[in-house]
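These are the residues of each chain, in order.
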Amino acid sequence: MTPAAPAQLVRARVMHARLRPVFHRFVYPVFYVRLNLGRLDECQSRWFGIDRRRPLSLRTRDYGPRDGSSLEHWMRAQLAAHGIAADGEIWLQTFPRVFGYMFNPVSFWHCHDTAGRLRAVLAEVNNTFGETHRYLLRVADQQAACAKLLHVSPFCATAGGYRFRFRLDGPRPRTAIDYHDDQGLLIRTTLSGRARAMSDGALAAALLRYPLLGLGVVLRIHWQALRLWCKGVPWFRKPPRSAPHLTAHEEPSR
C-alpha cells in the first residue's frame, strides 16, 4: 500500500561493494525523503520547504525539466509519450537540500498504477562533472534493467548495464542496483532504511544527526576514489557527452 502521508523521511544506509580487480566495500549512513508529487503543497513546514528557504528543502528546478514547472505534470507527460500505463501516484525519492546545498548521485521517481503497483521508475543520475542522464525504466515484478549511458566513475567504463530491484512497500524500503560489465557482475549497491511519516520532529532529528549530508556525499565520493586509485584500479577517461538526456528501457528479460 502506498503511504497515506504526503511525505516520508527515511533514515538509511548506503552499501557499495566492488568485486574486481580488488574487493572494495564501504557503508555510510544517510537520510532521504520520499514525496508524493501530487501533494507537494502538503509537505511545507518550518523545517522543510518546496522552493522555499528552509533548513531542509527541495528545489523543483533541480529535477525533471529543470525549469521550475510541475514535476508531476512533466513525469506524466514522459509516461504518456512512452506508452507506460502508470496513472496512479508518483513519488520522488531524493536527498534534500541541507541549508541550500545538495548533491544527488541518483534520484528515483516511483510511478504506480491506480491499484498501487509499481509500473515504472525514472532513475535521474547525476555525476560530479555536472552531467545528468534519466533512465525511464519499465518495471516488472519490482525489477528493471537498462544499459549504462552516463560516465559516473573514472574507475568504470561507460559500458555494460544496470539491474534494479525495488522493495518500496512497508516500513523498510530497499533499492538494489547491480552493475554488470562484459565480464559479469562488477559492483553491488544497496540503499535500505526505515521510513516514517515526515514530521518536524523527524526532520529536526535527521538534521542534527547529518548536518552535512550533501557535502558528506561529495567528500565520500572523492575519498573512495582516492582509495581505489591507491589500490591500482584501472582509470578510464571521461568520454564526450553524446547520449540523449532521457532514454526509455524495456522490461528486464526473464
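Because the structure is predicted, anything quoted here is derived from the model rather than measured.

Engineer: So what exactly am I meant to see when it comes to helix 2 (residues 200–209) here?
Structural biologist: Since one α-helical turn is 3.6 residues long, residues separated by three or four positions face the same way. Listed in full, the buried residues belonging to helix 2 are Ala202, Leu203, Ala204, Ala206 and Leu207. Tucked inside the fold, the buried residues of helix 2 contact strand 1 (7–18), strand 2 (24–36), strand 3 (48–50), strand 4 (56–58), strand 6 (97–98) and strand 13 (184–197).

Engineer: So what exactly am I meant to see when it comes to the layout of surface pockets here?
Structural biologist: Gaps left between atoms show up when a probe the size of a water molecule is rolled over them. A volume near 1,300 Å³ is recorded for the largest pocket. Along its surface, the largest pocket is lined by 48 residues, and His16, Phe26, Pro105, Val152 and Ile221 are the ones closest to its centre. Looking at the lining of the largest pocket element by element, the count peaks at nine residues for helix 3 (residues 213–230). When the residues that make up the lining of the largest pocket are grouped by side-chain class, the tally is 30 nonpolar, 14 polar and four charged.

Engineer: How should helix 3 be read in this particular structure?
Structural biologist: For helix 3, with 18 residues, the first-to-last C-alpha span of 26 Å sits near the 26 Å given by 1.5 Å per residue. For helix 3, the full list of buried residues reads Leu213, Gly214, Gly216, Val217, Val218, Gln224 and Leu228. The elements touched by buried residues of helix 3 are strand 1, strand 2 and strand 6. Following helix 3 by one or two positions, Gly232 has its phi on the positive side, about 80 degrees.

Engineer: Got a minute to help me understand the packing of aromatic side chains in this structure?
Structural biologist: The geometry of an aromatic ring pair is captured by two quantities: the separation of the ring centres and the angle between the planes. Tallying each qualifying case throughout the model produces 10 aromatic pairs. A ring pair is formed by Tyr135 and Tyr162, whose centres lie 6.1 Å apart and whose planes are at 75 degrees; its orientation type is edge-to-face. One end of the pair, Tyr135, is in strand 9 (residues 132–138); the other, Tyr162, is in strand 11 (residues 161–167), and 27 residues separate them in sequence. A relative accessible area of 1% places Tyr135 in the buried class. Residue class for Tyr162 comes out buried when judged on its relative accessible area of 14%.

Engineer: I keep staring at the sheet that holds strand 3 and nothing clicks. Help me out?
Structural biologist: To summarise the sheet geometry, strands pair through backbone hydrogen bonds and adopt either a parallel or an antiparallel arrangement. Reading across the sheet, the three strands line up as 3-4-6 and stay open at both edges, with mixed pairing between neighbours. Each edge of the sheet is formed by a strand with only one pairing partner; in this case those strands are strand 3 and strand 6.

Engineer: In this structure, what is going on with the environment of Val106? I would like to understand it.
Structural biologist: Locating Val106 in the fold gives a position in strand 7 (residues 106–112). On the basis of relative accessibility, which here comes to 27%, the residue Val106 falls in the partly exposed class. Sequence separation between Val106 and Ala5 is 101 residues; the distance between their C-alpha atoms is 23 Å. Setting aside residues up to four positions removed in sequence, Val106 forms contacts with Ala123, Glu124 and Val125.

Engineer: Would you mind going over the sheet that holds strand 5 (residues 90–94) with me for this structure?
Structural biologist: Spatially, 11 strands are ordered 10-11-12-13-1-2-5-7-8-9-14 in an open sheet, and the strand pairing comes out mixed. The open sheet has two edge strands, strand 10 (143–147) and strand 14 (246–249), and neither has a second partner. Taking each pair of neighbouring strands and ignoring which way they run, the sheet shows an average axis angle of 20 degrees. Packed on one face of the sheet, helix 2 meets strand 1, strand 2 and strand 13 and runs near 35 degrees to strand 1.

Thresholds, definitions, all that
- Residues numbered from 1 in each chain as written.
- Predicted model: local features only at pLDDT ≥ 70, side-chain atom pairs only at ≥ 80, totals over all residues.
- Heavy atoms only, no water.
- Buried < 20%, exposed > 50% of the residue type's maximum accessible area, 1.4 Å probe, protein only.
- Helix = DSSP H or I, 4+ residues; strand = E, 2+ residues; numbered from the N terminus.
- Contact = heavy atoms within 4.5 Å.
- 1 Å grid on protein atoms, 1.4 Å probe; cavity = no way out; pocket = protein on both sides within 12 Å on 5 of 7 lines; lining within 4 Å.
- Points joined across faces, edges and corners; volume = space filled by probe spheres on them.
- Nonpolar A, V, L, I, M, F, W, Y, C, P; charged D, E, K, R; others polar.
- Expected span 1.5 Å × (residues − 1).
- Phe/Tyr/Trp six-rings, centres within 6.5 Å; stacked < 30°, edge-to-face > 60°.
- Pairing = 2+ DSSP bridges.
- Axes fitted to C-alpha atoms, helices over the stretch in contact; angles between N-to-C directions.

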